[in-house]
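Understanding the architecture of this molecule
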Amino acid sequence: QVQLVESGGGLVQPGGSLRLSCAASGTIFGITTMGWHRQAPGKQRELVAAISSGGSTNYADSVKGRFTISRDNAKNTVSLQMNSLKPEDTAVYYCNFRTVLKASGFWGQGTQVTVSS
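This one's a predicted model, so the numbers in the text were calculated from it and none came from an experiment. Once a new chain begins, its residue numbering starts again from 1 and follows that chain's sequence as written. This being a predicted model, a pLDDT of at least 70 is required before a residue's local features are given, and a value of 80 or more before pairs of side-chain atoms are given or counted; all residues contribute to the totals for chains, interfaces and linings. To get the side-chain values, all heavy atoms of the structure are used, and hydrogens and water are removed first.

1. Brief notes about the pattern of salt bridges
Basic side-chain nitrogens of Lys or Arg form a salt bridge, by our definition, when they fall within 4 Å of a carboxyl oxygen of Asp or Glu. For the structure on display, the rule yields 4 salt bridges. Among the salt bridges present, the one from E46 reaches R38, with a minimum N-O distance of 2.8 Å. The exposure class of R38 is buried, given its relative accessible area of 6%. In this structure, R66 engages D89 in a salt bridge whose closest nitrogen and oxygen atoms are separated by 2.8 Å. Exposure is judged per residue with a 1.4 Å probe applied to protein chains only, and the accessible area is read against the type maximum: over 50% gives exposed, under 20% gives buried, and values in between give partly exposed.

2. Looking at the packing of aromatic side chains
Two measures describe an aromatic ring pair: the distance that separates the ring centres and the angle between the ring planes. Pairing of aromatic rings covers Phe, Tyr and Trp, the last counted by its six-membered ring, and requires centre-to-centre distances within 6.5 Å; plane angles under 30 degrees mean stacked, over 60 mean edge-to-face, and any other angle means tilted. One pass over the structure, following the stated rule, counts 0 aromatic pairs. The ring of Y94 is capped by R45, whose NZ or CZ atom sits 3.8 Å from the centre of that ring. To sit over a ring, a charge needs its Lys NZ or Arg CZ within 6 Å of the ring centre and within 35 degrees of the ring normal. The ring of W107 has R45 lying over it, and the distance from NZ or CZ to the ring centre is 4.9 Å.

3. Quick look at the nonpolar core
Take the buried residues of types Ala, Val, Leu, Ile, Met, Phe, Trp, Tyr and Cys, join any two whose side-chain atoms come within 4.5 Å, and each joined set is a nonpolar core. Residues W36, F67, V78, L80, M82, Y93 and F97 are the most contacted members of the largest nonpolar core, which totals 28 residues. Numbering goes from the N terminus for both helices and strands, where a helix is a DSSP run of H or I of at least four residues and a strand is a run of E of at least two. The set of elements that each furnish at least two residues to this core consists of β3 (18-24), β4 (31-39), β5 (46-51), β7 (67-72), β8 (77-82), β9 (91-99) and β11 (111-115). Counting residues per element, this core draws most heavily on β9, which supplies 4 residues. Those residues within four positions of V78 in sequence are excluded, and the remaining contacts are L20, S21, C22, M34, W36, I51, I69, S70, R71, C95 and F97. For this analysis, residues touch if any pair of their heavy atoms sits within 4.5 Å.

4. A closer look at the state of the cysteines
Disulfides are defined as pairs of cysteine sulfur atoms found within 2.5 Å of each other. Inspection of every chain in the model, using the stated rule, returns 1 disulfide. Between the sulfur atoms of C22 and its disulfide partner C95 the distance amounts to 2.0 Å. Handedness here is read from the sign of the S-S torsion; for C22 and C95, about 40 degrees, the answer is right-handed. Here C95 lies in strand β9 and C22 lies in strand β3, a separation of 73 residues in the sequence. In this structure C22 comes out as buried when scored by relative accessible area, which is 2%.

5. Topic: unusual backbone geometry
The bulk of non-glycine residues show a negative phi, and the bulk of peptide bonds are trans. For N76, which is not a glycine, the phi torsion comes out positive at approximately 55 degrees. Position of N76 relative to the elements: it lies in the loop between β7 and β8. Even without glycine at this site, S84 takes up a positive phi of about 50 degrees. Mapped onto the elements, S84 comes out in the loop between β8 and β9.

6. Focus on the environment of M82
By the secondary structure assignment, M82 is in strand β8. For the pair M82 and L101, spaced 19 residues apart in sequence, the C-alpha to C-alpha distance is 30 Å. Once you skip the residues sitting within four places of it in the chain, M82 turns out to touch G16, S17, L18, L20, R66, F67, Y93 and V113.

Put into structure tokens, the structure is as follows:
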């Protein structure tokens, strides 16, 4: 069974930065889009950023200009550079790899990001 392993979460002060990374524990075939989602208590999970196999990106309006998503196609990894973090960015962040065979793709277990003074 393939699993996604995330790293980089933690506690940071407002205005600080964190870099999240995600990699598969095994080989995943036919990856199309890699993305990051987040879910805060009492809120629905939302798409934060996504990047296609061709490198096209899209971001939630709330993170545009602050977050940058990138991928390494050779290593099948995806990262999320988060700058100028705000308290409202506090959430559990999940990475997701969508594939040709699975529309929902593979999900990581989530990593907690807490932005607080």
